[in-house]
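The residues making up each chain are set out below.
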Amino acid sequence: MDDTGIKKQNWDARETELFLEILKELDMKKCLDGRKVRNNKLFKVAHRRMTAAGYHRSVDQLKIRWKVLKSAYYKCKRQPQSNVQPSKIQGWWRYEKTMIAIMESRRPLGVGAVVHSSDRNDEVTEDSDGDASILHWPQPLPDNSSLNLDLIIKADPELESQLMDSQLKIGFIGAGNMAYGIAKGILSGDVLPTNIKVSAPSCRNFGRFQELGVDVTHSNTELVCGSDLVFLAVKPHLVPVVLCEIMRYVTQKHIIVSVAAGITLATLEDLLPHGSAVLRLMPNLPCLVQEGALLFSRGSHAKPEDAALLRSLLQHCGLVEEGPEAWIDVHTGLSGSGVAFVYLFAEALAEGAVKMGMPSALAHSIASQTILGAGRLLRDSGKHPAQLRSEVCTPGGTTIYGLHTLEQGGVRAATMSAVESATERARDLGRKSAAGCRQ
């Protein structure tokens, strides 16, 4: 790193090796190893240490670098005899032994074993800034003493979940906002972009998926045949048409997850082959920024492990909960439509400030931050909204006067009625869809 501390666009060898050393040290402190899923908190700690060492990367850049390294590792595992360097990473030979030590360790790790520079290729790459630093890494166990991988997986549920996620083939029928938000969240985990495919009749929304490295197609049948789990992310009135098209290609290995509002599990199961594993999911728009609220229900043939898999995939999308199907329509009114109710309130807040003389841009910026901060405090404090509201109010102060005006305007009753109306509309859509499918 140069003395100016300016962030480099490309990673050099020392920076990458320091990053791996930090990750391994943090893993060891928590009695983990390289196979475990690293959470956001760990990357934040790594970010602080990298910054202290003079390397100025964002947390997201650290996550992306780890994903690239891990992807290169898996590619080498799939093609062990290949002399071709993994794509998207220069100087892989510098990190290969280290990554093997991280990803294939089978016992508690200690410091002492050394990755010798003599074991490395001396070829110079454009990624290098000179001789690579020598890292003290434990070596993986020899092949003749390694444990049976199947036994390791069965003894380690978290490893099993990670391996399942990384090898799973996922398809999205529909390329709208919900599909995009869910795909972004899934890619924040252990699923590689090459394991996801999106189908849609139009190319209009393909660009943003391709920027994520995701394959696209116009063929729904092609997508289903190449997928293990399929998200049905189309408008409700298109669900019968799409399921009629793909039903002959759906097998017992498939898991079908519908995000179509109002389409019941019973309707989905009627339109698919008998015994199909079906789940119904209701996300909301903030999934686009991984702050969604998602509720799902299992169909009669979906197993608990199917639910666990879906929860694991969606964990980076926001809050994920499972509940009875009767709650799905309520969730639609509360959180699916509720996002728009919050936007309306934010707009009204800002317009009130504009009326009192504040510039519009500033008023909208402050209104959005007010709602963001209030929401995070409500979520993280665990307190009831009424308790937090009372903590803001002081006797005879500004807040209680404003709240009195809101109550006079019927804001509480109007909000409750809005959730009720949206819920009833979702139920009505479900009844109409079921009637249409029977016809």
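Residues numbered from 1 in each chain as written. Predicted model: local features only at pLDDT ≥ 70, side-chain atom pairs only at ≥ 80, totals over all residues. Heavy atoms only, no water.

### Points about the sheet that holds strand 8 (residues 318-322)
On the basis of which strands lie adjacent, the open sheet formed by 8 strands has the order 3-2-1-4-5-6-7-8 and mixed pairing. Both edges of this open sheet fall to strand 3 (215-217) and strand 8, since each of them pairs with a single strand only. Here the average twist between neighbouring strands, direction ignored, is 20°. Pairing of strand 6 (residues 277-282) with strand 7 (residues 292-298) involves 4 bridges; the strand directions are antiparallel. Bridge pairing in strand 7 places L279 opposite R298. (Pairing = 2+ DSSP bridges. Helix = DSSP H or I, 4+ residues; strand = E, 2+ residues; numbered from the N terminus. Axes fitted to C-alpha atoms, helices over the stretch in contact; angles between N-to-C directions.)

### Details of helix 15 (residues 360-381)
Taking 1.5 Å per residue, 22 residues should reach 32 Å; helix 15 reaches 31 Å between its end C-alpha atoms and fits that length. Looking one or two places after helix 15, you find G382, whose phi comes out positive at around 75°. (Expected span 1.5 Å × (residues − 1).)

### With respect to the packing of aromatic side chains
Taken as a whole, this structure holds 2 aromatic pairs when the rule is applied. With a centroid separation of 4.8 Å and an interplanar angle of 10°, the aromatic rings of F172 and F231 are classed as stacked. Placement of the pair is F172 in strand 1 (residues 170-173) and F231 in strand 4 (residues 229-232), with a sequence separation of 59 residues. Its relative accessible area of 0% is what places F172 among the buried residues. Between the aromatic rings of Y180 and F209, the centroid separation amounts to 5.5 Å while the plane-to-plane angle is 85°, which identifies the pairing as edge-to-face. With Y180 in helix 7 (residues 177-187) and F209 in helix 8 (residues 206-211), the pair connects residues that are 29 residues apart, well separated along the chain. (Phe/Tyr/Trp six-rings, centres within 6.5 Å; stacked < 30°, edge-to-face > 60°. Buried < 20%, exposed > 50% of the residue type's maximum accessible area, 1.4 Å probe, protein only.)

### Regarding the packing of helix 13 (residues 326-336) against helix 14 (residues 338-355)
The interhelical angle for the contact between helix 13 and helix 14, taken along N-to-C directions, is 20°, at an axis separation of 5 Å. With respect to helix 14, the axis of helix 13 lies roughly parallel. Counted together, T332, G333, L334, S335 and G336 of helix 13 and G338, V339 and F341 of helix 14 form the full contact between these two elements. Among the residues forming the contact of helix 13 with helix 14, the class breakdown is 3 nonpolar, 5 polar and no charged. (Parallel < 35°, antiparallel > 145°, perpendicular 65-115°, else oblique. Contact = heavy atoms within 4.5 Å. Nonpolar A, V, L, I, M, F, W, Y, C, P; charged D, E, K, R; others polar.)

### Considering the side chain of H254
Topologically, H254 is positioned in the loop between helix 10 (239-246) and strand 5 (255-258). Under the relative-accessibility criterion, H254 is labelled buried at 3%. Among the polar contacts listed, one links the side chain of H254 to the backbone oxygen of S227, at a separation of 3.0 Å. The contact partners of H254, leaving out residues within four places of it in the chain, are V224, S227, D228, V230, Y249 and A277. (Polar contact = N/O pair within 3.5 Å; in protein donor to acceptor, adjacent residues only side chain to side chain.)

### Points about the pattern of salt bridges
Taken as a whole and judged by the stated rule, the model has 14 salt bridges. Across the pair D428 and R425 runs a salt bridge, and its minimum N-O distance is 3.1 Å. Placement of the pair is D428 and R425 together in helix 18 (residues 411-438), with a separation of 3 residues, close to one helical turn. A relative accessible area of 22% means that D428 is categorised as partly exposed. The residue D428 makes a salt bridge to R431 at a minimum N-O spacing of 4.0 Å. Of the two residues, D428 and R431 are both situated in helix 18; the distance of 3 residues between them amounts to about one turn of the helix. (Salt bridge = Lys/Arg side-chain N within 4 Å of Asp/Glu carboxyl O.)

### A few points about the confidence of the model for the chain
Residue-level pLDDT values for the chain average 79, and 75% of them are 70 or greater. Model confidence for the chain, summarised as mean pLDDT per element, is weakest for helix 5 (residues 149-155) at 39 and strongest for helix 14 at 97. Here residues 1-8 scores under 50 on pLDDT; set against residues more than four positions off or in separate chains, the count is 12 contacts. Counting interchain partners and residues more than four positions distant, the pLDDT-below-50 stretch residues 31-37 has 25 contacts. (pLDDT = per-residue confidence, 0-100.)

### A look at the pairing of strand 6
Within strand 6, 6 of the 6 residues are buried, which leaves the element mostly enclosed by the surrounding structure. Going residue by residue along strand 6, you find A277, L279 and L281 tucked away on one face and V278, R280 and M282 tucked away on the opposite face as well. Bridging between strand 5 and strand 6 involves 4 bridges; their strand directions are parallel. Across the sheet, residue V257 finds its bridge partner in strand 6, namely L279. Taking the sense of rotation as the criterion, the β-α-β connection linking strand 5, helix 11 (residues 265-271) and strand 6 turns out right-handed. (Right-handed = clockwise from strand over helix to strand, strands pointing away.)

### Regarding a positive patch on the surface
Residues K41, K44, R48 and R376 make up a contiguous surface patch of positive charge. For the positive patch, the element with the highest residue contribution is helix 2 (residues 40-52), accounting for 3 residues. Mapped onto the elements, K44 comes out in helix 2. (Patch = residues over 30% accessible without salt bridge, like charges linked within 9 Å, V, L, I, M, F, W, Y side chains within 5 Å. Areas by Shrake-Rupley, 256 points an atom, 1.4 Å probe, with all protein chains shown as cover. Lys, Arg positive; Asp, Glu negative; His and termini not counted. Charge placed at Lys NZ, Arg CZ, Asp CG, Glu CD.)

### Some details on the nonpolar core
If you look at the biggest cluster of nonpolar residues, it comprises 36 residues, and the most contacted ones within it are I170, F172, I186, L229, F231, L281 and L314. With sequence-adjacent residues up to four places away left out, L281 is seen in contact with I182, F231, V257, S258, V259, L294, L295, F296 and L314. (Core = buried A, V, L, I, M, F, W, Y, C linked by side-chain atoms within 4.5 Å.)

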